[in-house]
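Residues per chain, in single letters:
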Amino acid sequence: MSLFKARDWWSTVVGEQEEFDQGCLCVADVDNSGNHKIIVGSYKGILRIYSPQPAKPGAAHHPEELILELQLQDPVLQVEVGKFVSGTEQLHLAVLHPRKLSVYAFSGTLGTVEHGNQYQLKLMYEHNFQRTACNLTFGGFGGVKGRDLICIQSMDGMLTFFEQESFAFGRFLPGCLLPGPLKYSSRTDSFITVSSSRQIENYKYQVLAIAADAESRQDSEQQKLGSGKRLTRDWMVNIGEQALDISIVSFNQAASSILVLGERNLFCFKENGQLRFMKKLEYNPSCFLPYTSVLEGTINTLIGNHNNNLLIYQDVALKWVAQLPHVPVSVHVANFQDLKGVVVTLSDAGHLQCSYLGTDPSFFQAPKVESRELDYDEMDKEMKELLKVIREATKSQDILHKAENDDDLKVAVSVAPSLDVISQAADNTVDIAVPSISLKVTIWSRFSVHDVKLSVCVQSPLAVTQDQLRFTAIESGTSRDVTLSVFLKENFPPADLEEDAVVSYSIPTGVPRIVRCTFSLPLNLICQPIQPSKNAVHKITIDTNQPPVSLSTIFPDFLGESDDEQTNVLGFKLLSGATITLLASKTSSRYRVQCDQFEDLWLITKELIQRLEEYFVREGAKDFRCMFPGPLPLQEYFQLIDRHFELRINAEKYKELLSERAVQYRAIQRRLLTHFKDKTPTPLRNLDTLLDGTYRQLTALGDAAEENQANLYQVFTRLKSGTHLLVQLIGLWQNLSPDEMSILKATFLPLMQDSQELGWEECVDAAVTHLLRTCLSKSSRDQTLSLTSQLSMPKDTNRLKKHITLLCDRLSKGGRLSLTTDSAQQAATISGCQTIPESELEQRMTNSATDETCP
């Protein structure tokens, strides 16, 4: 059979860079004028209505053919036209969005001039969904006449029924994994769909209506156990493939039939599920439409495929093939003025065309393939080369690209040796003058790179004058310098002064890469020298194995307020207000750090250890080591945990109270609206006073919740400082190796940011429990246990504090931190340990609290 082109009667391109699918096209008399209109909705949420007019050859289309173009807020999944408004039998437009259904009335007003026609779209009603919609079908459910009811299928397999403006009921389809096409048969009053099990299923409307109501899929599953009416299928047929679309036709010459377009076959069933015929397709279909019956007992079907063809079948016999300029995703037949049977097609890119079947042939002929003999020697040579490339590529098991010694791009950050003369701090909440320090970021590229993005990441409450910069390109062998300033923005100290600069870029081949550089900020950015204080609440003593060093030697930049002779004591005042005193023993190798707040000891303690290590490295001492004699300040640390957890509990309470007051506020608004709509005025019964009081409560609760959130963020930063200090003290106390310190830091500092959904307490509790079950277990048998509980906010912090105490006790008895399987034998050598099964962990820790405590 010859292949002919479809004759173009009218065509246009709908929008730019918009996407369309099967349900985005509808052809109907939407304005009740007697002529068909083309309704098109896109995934960008733009609704368009066309009224095509025949154009003369070579003439351009008229602008008034696009009679309506409206930008909606949500993507358009499907458009349908039916009797969706009660009290009238006129047609209305239904637009399905992912989370709502909108029904509009479309009308036009004739003007006095050629371009004076005006069309408007009026919203009649909306239905909002709790579940994401997939598709819809409509009809006279239950045999009603003169109006159409609507059925929405959600992505989780729930059918929601609406009797025009009112919600009717919802039912879950049994065993539904993914939704499929859904159609309604008016003759049998049933719904036909294709499930994810590749089965055609038929459900009676009456069965759906009387089935027990299910609020969730779990409720639907419980109905199978005998509670309520079960939702059963009327019949079911296995077709063995996924379905693209379903259509139910009932012509005068033929009985009612159910046509299903599969991925490779076209099926036709009777109303009772018996197969009438089946046509195997030799191509990939994209859409179909049964449109008429010419001979008695036959059905004519249009099928579009991915080869840009439109095929016409009479039952299983191919009658015509027409070539289209695009791949159709939806096809309809329309009647415009005097031209009947116009084929309307829409592609996924928005190519809309009205065509008819003409007789202009396509003269394209496939070129003749030249036959040539196969050169087997050349093929063997090529195969060996390919195998060699494959072997070389599979030698390395690394997924990520290994950077070479000389990277394509390097980034370096140099911190100014002194603070800025003129501070660049802006928009800070600190009560005193805040200094700033300059950073010079240098980016050097060996090759030409493009799309370069620099991000300077500093931990809050620190801030940077400009945290992100972009460069279009950096040429080969050139560099870019950027100068920034860092300052303290809020009135509490940071948890660390180690910051990062990250550069992302793309090499000429298009592969994206990232380079990271870590830099340290000076201590004098957040504190300044002050006269030392004699008394303090919290004290920490650090021992060393080397002779004592004068504080003026290791802290020469903090001697401003101290006497020259008094070199064994220094005072530090944080910009947030806390005072820390550092004392050095004149006779022994001991250093003491003391402060009224436990967490503020961290930065000075870290700086002391770091400067002592640098000093003795310069002096040539190879065996220098810092030690902490104990005991660990666990009670002070637990107070920080309780304060943080208390603010999290308050945040949950504020959330619940806000939800209750919001529900109350909306209920009062509805009552007031009912009073105002009433034609007969009635007393408000103090509803206005109640509304005003509820509004004030909402405002006060919102302010309190914001204040609590700010306090929670500040306390979490202080908790991180205290955690850093405790981890450092544990490492000095038990002389942990760098690998063990890394494990301990990952255990106690798993989160950079805290949230109500995933908080610090539950993450640390799970990590500590894992260590107690693995490398710190008392026997190898305990290592087979695994965590099964989900991470959720605990009721209190008792369990976490007991686990931290037990971890310190296990370390004091010789336990070592390790992630290897050899830790089982190592854990078994812990002195004085007995096996504690997980089921008895809480009870044993409570009963033996006096025996298992940290020294």
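Please read these numbers as outputs of a predicted model, since none were measured by experiment.

**Q** Would you mind showing me how to read the overall build of the protein chain here?
**A** Regarding its fold elements, the protein chain presents 12 helices and 42 strands. Relative to its full complement of 855 residues, the protein chain shows a buried share of 46%. Counting only contacts in the protein chain whose residues sit at least 6 apart along the sequence, the fraction spanning at least 24 positions is 60%. Accessible surface computed for the protein chain: about 45,000 Å², of which carbon and sulfur atoms make up 49%.

**Q** Hey, could you run me through the layout of surface pockets in this one?
**A** Rolled over the atoms, a probe with the dimensions of a water molecule shows which regions are left empty. Estimated volume of the second largest pocket: approximately 1,100 Å³. What lines the second largest pocket is a set of 41 residues, and nearest its centre among them are Trp602, Lys606, His724, Gln728 and Lys745. Within the residue set of the lining of the second largest pocket, elements represented by two or more residues are strand S35 (498-506), strand S36 (512-520), helix H5 (601-619), helix H7 (687-734) and helix H8 (738-748). Of the residues assigned to the lining of the second largest pocket, the class counts are 19 nonpolar, 11 polar and 11 charged.

**Q** Hey, could you run me through unusual backbone geometry in this one?
**A** Glycine aside, residues mostly have negative phi, and peptide bonds are mostly found in the trans state. At the junction of serine 460 and proline 461, the peptide bond is cis and its omega measures out at 15° in the coordinates. Among the secondary structure elements, proline 461 is positioned in the loop between strand S31 (449-457) and strand S32 (462-464). Put simply, glycine 630 and proline 631 share a cis peptide bond, and its omega is -5°. The topology assignment puts proline 631 in the loop between strand S42 (626-627) and helix H6 (634-677). Non-glycine residue glutamine 164 carries a positive phi angle of around 60°. Its place among the elements puts glutamine 164 in the loop between strand S12 (158-163) and strand S13 (166-172).

**Q** Explain the pairing of strand S19 (residues 257-262) to me, please; I cannot follow it from the model alone.
**A** The buried fraction of S19 is high, at six of six residues. Of the two faces of S19, the one holding Ser257, Leu259 and Leu261 and the one holding Ile258, Val260 and Gly262 are both buried throughout. Pairing of strand S18 (residues 243-249) with S19, which is carried by six bridges, proceeds in the antiparallel orientation. Opposite alanine 243, over in S19, you have glycine 262 as the bridge partner. Strand direction decides the pairing type here: S19 and strand S20 (residues 265-269), joined by four bridges, are antiparallel. If you follow isoleucine 258 over to S20, its bridge partner there is phenylalanine 269. Taken together, S19 and the strand that follows it, S20, pair antiparallel across an intervening segment of two residues.

**Q** Looking at this structure, how should I read empty space enclosed by the protein?
**A** Scanning all chains against the criterion turns up four cavities of 30 Å³ or more. A volume near 70 Å³ is recorded for the second largest cavity. In terms of lining residues, the second largest cavity is bounded by Gln153, Leu173, Pro174, Gly175, Cys176, Leu178, Pro179, Gly180, Thr193, Val194, Ser195 and Glu201. Residues that form the lining of the second largest cavity fall into these classes: six nonpolar, five polar and one charged.

**Q** Looking at this structure, how should I read the packing of helix H9 (residues 760-773) against helix H10 (residues 798-812)?
**A** Between two packed helices, both the angle of their axes relative to each other and the distance between the axes serve to describe the pair. Interhelical geometry of H9 versus H10 gives an angle of 35° and a closest axis separation of 9 Å. Considering only the axes of H9 and H10, their crossing is left-handed. Where H9 approaches H10, its residues Trp760, Glu761, Val764, Asp765, Val768, Thr769, Leu771 and Leu772 are matched on the opposing element by Arg799, Leu800, His803, Ile804, Leu806, Leu807 and Arg810.

**Q** I keep staring at the confidence of the model for the protein chain and nothing clicks. Help me out?
**A** Fine structural detail should not be taken from predicted coordinates in areas where pLDDT scores are low. Mean pLDDT over the protein chain works out to 84, with 86% of the residues at or above the 70 mark. This stretch, residues 397-406, has a pLDDT under 50; its non-local contacts, to residues over four places away or in other chains, come to three contacts.

**Q** Would you explain H8 in this entry?
**A** Side chains three or four residues apart in an α-helix point the same way, a direct result of the helix having 3.6 residues per turn. Restricting attention to buried positions, one finds in H8 the residues Glu740, Met741, Ile743, Leu744, Thr747 and Phe748. Looking down the long axis of H8, one finds its buried residues gathered within 160° of arc, a one-sided arrangement. Facing away from the buried side of H8 by more than 90 degrees, the exposed set consists of Pro738, Asp739 and Ala746. Against H6, H7, H9 and H10 lie the buried residues of H8.

**Q** What is the right way to look at the packing of H6 against H7 in this model?
**A** It is at 8 Å that the axes of H6 and H7 come closest, and there the two elements cross at 160°. What the angle tells us is that H6 and H7 run roughly antiparallel. Where H6 crosses over H7, the two elements pack in a sense that is left-handed.

**Q** Would you mind showing me how to read the nonpolar core here?
**A** In globular proteins that are soluble, nonpolar side chains generally tend to be buried together. Membership of the largest hydrophobic core comes to 102 residues, with the highest contact counts inside it found for Phe572 and Tyr637. When sequence neighbours within four positions are dropped, the list of residues in contact with phenylalanine 572 reads Leu523, Cys527, Gln528, Ile530, Phe555, Phe558, Ala578, Thr579, Ile580, Leu582 and Ile604.

**Q** When you look at the environment of proline 435 in this model, what are you seeing that I'm missing?
**A** Note that proline 435 resides in the loop between strand S29 (409-415) and strand S30 (436-445). Overall, proline 435 belongs to the buried group, its relative accessible area being 19%. C-alpha of proline 435 to C-alpha of leucine 419: the two residues are 16 residues apart in sequence and 6.8 Å apart in space. If sequence neighbours within four positions are ignored, proline 435 has contacts with Leu419, Ser423, Val486, Phe487, Leu488, Asn524, Leu525 and Leu575.

**Q** What's the story with the pattern of salt bridges in this structure? I'm lost.
**A** Side chains that carry opposite charge are capable of pairing whenever their charged atoms lie near each other. Tallied over the entire structure, the rule returns 25 salt bridges. Close ionic contact of arginine 516 with aspartate 500 constitutes a salt bridge, the shortest N to O distance being 2.9 Å. With a gap of 16 residues between them, arginine 516 in strand S36 and aspartate 500 in strand S35 connect regions that are remote in the sequence. For glutamate 646, the salt bridge is made with arginine 643, and the minimal N-O distance between the two is 3.8 Å. Of the two residues, glutamate 646 and arginine 643 are both situated in helix H6; the distance of three residues between them amounts to about one turn of the helix. Accessibility expressed as a relative area gives 41% for glutamate 646, which makes it partly exposed. The exposure class assigned to arginine 643 is partly exposed, which follows from its relative accessible area of 36%. Among the charged side chains, a network of salt bridges with common partners joins Glu18, Arg48 and Glu69.

**Q** Please clarify how the sheet that holds S31 should be interpreted in this entry.
**A** The strand order S33-S31-S35-S36 describes an open sheet built from four strands, whose pairing is antiparallel. Looking at which strands have only one partner, the edges of the open sheet turn out to be strand S33 (468-474) and S36. On average, adjacent strands in this sheet sit at an angle of 20° to one another, irrespective of strand direction. Strand direction decides the pairing type here: S31 and S33, joined by six bridges, are antiparallel. What sits directly across from lysine 453, in S33, is arginine 470.

Cut-off values and rules
- Here the residue index of a chain counts from 1 through its sequence in written order.
- Selection of residues for local features in this predicted model requires a pLDDT of at least 70, selection of side-chain atom pairs for listing and counting requires 80 or more, and totals for whole chains, interfaces and linings are taken over all residues.
- Side-chain figures throughout are based on the complete set of non-hydrogen atoms in the structure, without hydrogens or water.
- Only DSSP runs of H or I covering at least 4 residues are called helices, and only runs of E covering at least 2 are called strands; the numbering of each starts at the N terminus.
- When a residue's accessible area, from a 1.4 Å probe over protein chains only, is under 20% of the maximum for its type it is buried; when over 50% it is exposed; and in between it is partly exposed.
- When checking whether two residues touch, look at their non-hydrogen atoms; a contact exists if any pair is within 4.5 Å.
- Each accessible area value is a Shrake-Rupley result obtained with a 1.4 Å probe; residue values ignore everything except the protein chains displayed when judging cover.
- Here a cavity means grid points, on a 1 Å grid over the protein atoms only, where a 1.4 Å probe fits yet cannot get out; a pocket means an open set of points with protein on both sides within 12 Å along at least five of seven lines; lining residues are those with an atom within 4 Å of a point.
- Grid points are joined across faces, edges and corners, and a volume is the space filled by probe spheres set on the points.
- Amino acid classes used here: Ala, Val, Leu, Ile, Met, Phe, Trp, Tyr, Cys and Pro are nonpolar; Asp, Glu, Lys and Arg are charged; the rest, including Gly, are polar.
- The criterion for strand pairing is that DSSP finds at least two bridges linking the strands in question.
- Angles run from 0 to 180 degrees between N-to-C directions of axes, and those axes are lines fitted to C-alpha atoms, restricted for helices to the stretch in contact.
- Each crossing is labelled by how the near helix is turned from the far one, with a counterclockwise turn of less than a right angle marking it left-handed and a clockwise turn marking it right-handed.
- Residue-level confidence of the predictor is summarised by pLDDT, bounded by 0 at the bottom and 100 at the top.
- For this quantity, the arc is that covered by the directions from the helix axis to the C-beta atoms.
- When an angle is under 35 degrees it counts as roughly parallel; over 145 it counts as roughly antiparallel; between 65 and 115 it counts as roughly perpendicular; any other value is oblique.
- Each nonpolar core is a collection of buried residues, namely Ala, Val, Leu, Ile, Met, Phe, Trp, Tyr and Cys, held together in the definition by side-chain atoms within 4.5 Å.
- A pairing counts as a salt bridge when a side-chain nitrogen of Lys or Arg comes within 4 Å of a carboxyl oxygen of Asp or Glu.

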